[in-house]
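# Results of the structural survey
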Amino acid sequence: LLKQESPELLQLIEDFEVKLMELKDELHPLLQMVKNGTIPQGKGSRYLQTKYHLYLNYCANISFYLVLKSKRMPVHSHPIIERLVAYRNIINDLAVIDQKLSSQVRMLLKNYYDKKEDKLRKEKKFAVFLPLDVRKNKSKRAPALAHGRATADELSDESDMDEEAALKYYKMMEEKLKLKRKRTEDQDALEEEEMSEGEDPNRKRGVTYQMIKNKGLTPRRKKIDRNPRVKHREKFRRAKIRRKGQVREVRRELHRYAGELSGIRAGVKKSRKLQ
C-alpha cells in the first residue's frame, strides 16, 4: 500500500540516512580542517561549505516531507516535491567533482581520524597516572568546562557506573513487581475466602452473561426470517419482477400514437412470404 501511494518515500528515507552519515563522518571533519587551517582557503574550501549547506537543506526538506506524510496530508501537488527534485539534481551534478576529489578527501579524513586516535591514546595513558580523587574532581568538572573535552578513562568509568546503576535499578524494579504481584494474589485469595464465607448455601446462583446468551442447539436461520412482515414484503417484490418477465404490462394510451420511440425502419420486413 505504501509503495502504491508514495513510492518515493522509502528512497527518501534511505537518502536521508546516507546524507546524514556523510555530513557527520565526512563533511563536518573537513569543515573543521578548513577552520583549523589544515585545508587552505580557496575553491576547495568553498566547495566543501556549499556541499555541506546543500546536504543540510536537502535533509531539512526531507524531514518536512516526512512531517507532511505523518499528518496524512496530500503531498503530490505540494511544492516540496519540486524542491526535493531540484536538490537531488544538484547533488547528482556534484557526483563528477566528488569522484575527482575522492582520493584527496580520503587521505585528509584518514589523517584526521589517525590524529584523533593518537590524541585519545595519549589522554588515556596520562589519565592512568592521575590519583583517584583528582580523577573524580575532573569527572565532576568536565561538564562545566568551556571546551567540553573528557578523557577516555573518565568516559569508561562513567559508562561502568551507568551500567551498575542500570542493573541496580532493574533489580529494584523487578523486586517491586514481585511484591506487587504477591500482594494482588493475596488480596484475590482473601476476597475469595470472604465470598465463600458470606455466601448462603441455600441461595440460588446468579445468572451469568454466558448463561443468558446460551441458546443451545438451534438451527442457523437467515436474518430476513426473523420478521415475517419484512420477509413477505421481499417475497412480493421478487414475485412482481418475475411476473413482469412472464406477462407484459398493458400500456395506457395517454397521448396519440406517433410511432415507436425507437423509430420505424422502412427497409426491414418481418412478414413471412406465402408461396
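Residues numbered from 1 in each chain as written. Predicted model: local features only at pLDDT ≥ 70, side-chain atom pairs only at ≥ 80, totals over all residues. Heavy atoms only, no water.

Under an unreviewed UniProt entry, the name given to the protein chain is Something about silencing protein 10, and the source organism is Charadrius vociferus. Turning to the protein chain, the UniProt record has this under Sequence similarities (unreviewed entry): "Belongs to the SAS10 family." Under the Subcellular location (unreviewed entry) heading, UniProt states for the protein chain: "Nucleus, Nucleolus". (UniProt positions renumbered as here; feature names shortened; annotations may be inferred.)

### Quick notes on the overall build of the protein chain
Scanning the protein chain for helices and strands turns up eight helices and zero strands. Start at the N end of the protein chain and walk to the C end: the helices and strands fall as α-α-α-α-α-α-α-α. Relative to its full complement of 275 residues, the protein chain shows a buried share of 14%. Put simply, of all contacts in the protein chain between residues at least 6 apart along the chain, 62% involve residues at least 24 apart. (Helix = DSSP H or I, 4+ residues; strand = E, 2+ residues; numbered from the N terminus. Buried < 20%, exposed > 50% of the residue type's maximum accessible area, 1.4 Å probe, protein only. Contact = heavy atoms within 4.5 Å.)

### As for the packing of helix α2 (residues 8-36) against helix α3 (residues 43-70)
Two elements in contact, α2 and α3, have axes whose closest approach is 9 Å; the angle formed by their N-to-C orientations is 150°. When the interaxial angle is binned, α2 and α3 end up roughly antiparallel. The element α2 and its partner α3 pack so that their crossing is left-handed. Of the residues in the contact of α2 with α3, the class split is 19 nonpolar, four polar and six charged. (Axes fitted to C-alpha atoms, helices over the stretch in contact; angles between N-to-C directions. Parallel < 35°, antiparallel > 145°, perpendicular 65-115°, else oblique. Left-handed = near helix turned anticlockwise from the far one by under 90°. Nonpolar A, V, L, I, M, F, W, Y, C, P; charged D, E, K, R; others polar.)

### Notes on the pattern of salt bridges
Under the defined criterion, the tally for this structure stands at four salt bridges. A salt bridge links Asp 225 to Lys 231; the shortest N-O distance between them is 3.6 Å. Judged by its relative accessible area of 35%, Asp 225 is partly exposed. Arg 237 is the partner of Glu 234 in a salt bridge, and the nearest nitrogen-oxygen pair spans 2.6 Å. Placement of the pair is Glu 234 and Arg 237 together in helix α8 (residues 228-246), with a separation of three residues, close to one helical turn. The class for Glu 234 is partly exposed, based on a relative accessible area of 23%. (Salt bridge = Lys/Arg side-chain N within 4 Å of Asp/Glu carboxyl O.)

### Some details on the packing of aromatic side chains
For the coordinates displayed, the defined rule picks out zero aromatic pairs. The positively charged end of Lys 19 is found above the aromatic ring belonging to Tyr 55, 5.4 Å away from the centroid. (Phe/Tyr/Trp six-rings, centres within 6.5 Å; stacked < 30°, edge-to-face > 60°. Lys NZ or Arg CZ within 6 Å of the ring centre and 35° of its normal.)

### A look at a positive patch on the surface
Taken together, the side chains of Lys 213, Lys 215, Lys 223 and Arg 226 present a region of like positive charge at the surface. Structurally, Lys 223 is set in the loop between α7 (209-213) and α8. Residue classification places Lys 223 among the exposed positions, given a relative accessible area of 67%. (Patch = residues over 30% accessible without salt bridge, like charges linked within 9 Å, V, L, I, M, F, W, Y side chains within 5 Å. Areas by Shrake-Rupley, 256 points an atom, 1.4 Å probe, with all protein chains shown as cover. Lys, Arg positive; Asp, Glu negative; His and termini not counted. Charge placed at Lys NZ, Arg CZ, Asp CG, Glu CD.)

### Considerations on the side chain of Lys 51
The residue Lys 51 is located in helix α3 in this model. Once residues within four sequence positions are removed from consideration, Lys 51 is found in contact with Glu 22, Leu 27, Leu 94 and Asp 98.

### Details of a negative patch on the surface
Judged by side-chain charge, Glu 185, Asp 186, Asp 188, Glu 191, Glu 192 and Glu 193 come together as a negatively charged surface patch. Considering the arrangement of structural elements, one finds Glu 185 in helix α6 (residues 152-198).

### Section: the nonpolar core
Ranked by size, the top nonpolar core spans 27 residues in total, and within it Leu 48, Tyr 58, Tyr 65 and Leu 84 carry the most contacts. Of all elements in the fold, only α2, α3 and α4 (79-128) reach the threshold of two or more residues within this core. In terms of residue count, the dominant contributor to this core is α3 (10 residues). (Core = buried A, V, L, I, M, F, W, Y, C linked by side-chain atoms within 4.5 Å.)

### A few points about the environment of Ile 91
Mapping Ile 91 onto the fold places it in helix α4. Residue class for Ile 91 comes out buried when judged on its relative accessible area of 7%. Considering only alpha carbons, one finds Ile 91 and Leu 54, 37 residues apart in sequence, at a separation of 8.0 Å.

### Thoughts on a nonpolar patch on the surface
Residues Tyr 169, Met 172 and Met 173 make up a contiguous nonpolar surface patch of about 300 Å² in total accessible area. As for its position among the elements, Met 173 is in helix α6.

### Looking at α3
The first and last C-alpha atoms of α3 sit 40 Å apart over 28 residues, in line with the 40 Å expected at 1.5 Å per residue. Arg 72 lies just past α3 and shows a positive phi near 60°. (Expected span 1.5 Å × (residues − 1).)

### As for α8
Along an α-helix, residues three or four apart share an orientation, since each turn contains 3.6 residues. Taking 1.5 Å as the rise per residue, α8 with 19 residues should run 27 Å; its terminal C-alpha atoms sit 27 Å apart, in good agreement. Summarising burial for α8: zero of the 19 residues are buried, a small minority. For α8, the capping residue at the N-terminal end is Asn 227, with a side-chain oxygen 3.3 Å from the backbone nitrogen of Arg 229. (Polar contact = N/O pair within 3.5 Å; in protein donor to acceptor, adjacent residues only side chain to side chain.)

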